[in-house]
Amino acid sequence: METVKELAQEFRTTLTATALRYVNISQEPCAVVVCKDGYIKWYKKSESFNHHVRVKEKLSPNTYAFYFYEDGDLPMRPETVPAAAWLAGDVDEDAWIIEHAIALKSYGVVLSLLWIHEEIRSRYRRYDYDEGEPEYDLTNPFTPDGKRWIW
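Remember, it's a predicted structure, so these values are computed and weren't measured experimentally.

(A) Looking closely at unusual backbone geometry. Despite not being glycine, Arg12 shows a phi value in the positive range, around 55°. Along the polypeptide, Arg12 turns up in the loop between α1 (2–11) and α2 (15–25). Judged by relative accessible area, Arg12 falls into the exposed class, the value being 77%. Even without a glycine there, the phi angle at Lys56 is positive, about 70°. Mapped onto the fold, Lys56 is located in the loop between β2 (39–45) and α3 (64–71). Overall, Lys56 belongs to the exposed group, its relative accessible area being 70%.

Right, here's the structure in full:
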């Protein structure tokens with residue numbers, strides 16, 4: 001968010017417009033989210049951000065944007081939050097993302113930048129595959145019971 005603030009000052013643009021442009025050209029998996037009155041209004045994501053944000057839903061108490069509507073305070077630096085607090089779908093409950101929120105107090109809006117630094121898997125896919133040997137060796141012309149593969 002500090003980079004966004006600096007760019008907004010340098011080019012004399014709004015924080016929202018600068019954040020949108022930042023996300024639009026970023027190679028990192030990130031998104032900008034706009035919240036008003038404790039609800040997620042809309043978001044814009046980078047091409048590498050492969051998730052959707054919970055639009056039109058009430059903010060989770062596990063987000064820092066939520067704190068603004070509770071007590072008017074936000075952390076000054078990026079912090080980690082549970083990915084499921086922001087992301088829609090079946091997100092692994094152990095996944096975390098980084099949130100940096102800033103309040104636009106005159107509008108009653110919170111602008112949050114979200115970053116993904118580690119792969120976020122579905123909670124169902126987490127246990128699907130063993131990292132060991134594949135179930136079948138397709139380089140072997142024979143099946144595990146000694147028959148030939150039919151291609």
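There is more to say, and it comes next.
(B) Local environment of the packing of aromatic side chains. All told, the structure shown has 2 aromatic pairs when counted by the stated rule. Both rings, one in Tyr64 and one in Tyr67, keep their centres 5.4 Å apart while their planes meet at 75°; by these two values the pair is edge-to-face. Within this pair, Tyr64 and its partner Tyr67 are both found in helix α3, separated by 3 residues, close to a single helical turn. The exposure class assigned to Tyr67 is partly exposed, which follows from its relative accessible area of 35%. Taking 5.1 Å as the distance between ring centres and 75° as the angle between the ring planes, the aromatic pair formed by Phe68 and Tyr69 counts as edge-to-face.

(C) Region of the structure containing the environment of Gly89. Within the element layout of this structure, Gly89 appears in the loop between β3 (79–82) and β4 (96–104). Taking C-alpha positions, Gly89 is 8.7 Å from Arg54, a pair spaced 35 residues apart along the chain.

(D) Examining the pairing of strand β1 (residues 30–36) more closely. Along β1, 6 of the 7 residues are buried, which leaves the element largely enclosed by surrounding structure. Here β1 pairs with strand β5 (residues 109–115) via 7 bridges, running antiparallel. For Lys36, the partnering residue across the bridge sits in β5 and is Val109. Here 6 bridges tie β1 to β2, and the two strands are oriented antiparallel to one another.

(E) Local environment of the packing of α1 against α2. At a minimum axis distance of 9 Å, the contact between α1 and α2 shows a crossing angle of 115°. The way α1 lies across α2 gives a crossing that is right-handed. Across the interface between the two elements, Thr3, Val4, Lys5, Leu7 and Ala8 of α1 pack against Leu15, Thr18, Ala19 and Tyr22 of α2. By residue class, the composition of the contact of α1 with α2 is 6 nonpolar, 2 polar and 1 charged.

(F) How the structure looks around the pairing of β5. Of all 7 residues in β5, 7 are buried, a share of seventy percent or more. Neither face of β5 is left uncovered, since the one carrying Val109, Leu111, Leu113 and Trp115 and the one carrying Val110, Ser112 and Leu114 both have all their residues buried. Strand direction decides the pairing type here: β4 and β5, joined by 7 bridges, are antiparallel. Considered in β5, the bridge of Leu104 is made with Val109.

(G) Examining the sheet that holds β5 more closely. Overall, antiparallel pairing links the 5 strands, which are arranged β2-β1-β5-β4-β3 in an open sheet. Looking along the sheet, the strands with just one partner apiece sit at the ends: β2 and β3. The mean angle between the axes of side-by-side strands here comes to 35°, regardless of whether they run parallel or antiparallel. Along the sheet face, α3 touches β1, β3, β4 and β5 and points at about 160° away from the line of β5.

Parameters and conventions
Sequence order as written defines residue numbering, which begins from 1 separately in each chain. With pLDDT at 70 or above as the cut-off, local features in this predicted model cover only qualifying residues; side-chain atom pairs require 80 or more to be listed or tallied, and sums for whole chains, interfaces and linings still use all residues. Computation of side-chain values: all heavy atoms of the structure, hydrogens and water removed. By definition, any uninterrupted DSSP run of H or I lasting at least four residues is a helix, any uninterrupted run of E lasting at least two residues is a strand, and each is numbered from the N terminus. The buried label goes to any residue with under 20% of its type's maximum accessible area, the exposed label to any with over 50%, and the partly exposed label to all in between, with areas taken from a 1.4 Å probe on protein chains only. Pairing of aromatic side chains requires ring centres within 6.5 Å, counting the rings of Phe and Tyr and the six-membered ring of Trp. Pairs whose planes differ by under 30 degrees are stacked, by over 60 edge-to-face, and all others tilted. By definition, two strands form a pair when at least two bridges between them are found by DSSP. Working convention: axes come from line fits to C-alpha atoms, limited for helices to the stretch in contact. Angles between N-to-C directions cover 0 to 180 degrees. With the far helix as reference, a near helix turned anticlockwise by less than a right angle produces a left-handed crossing, and one turned clockwise produces a right-handed crossing. We call two residues in contact when some of their heavy atoms are within 4.5 Å. Ten residue types, Ala, Val, Leu, Ile, Met, Phe, Trp, Tyr, Cys and Pro, are classed as nonpolar, four, Asp, Glu, Lys and Arg, as charged, and the remainder, Gly among them, as polar.

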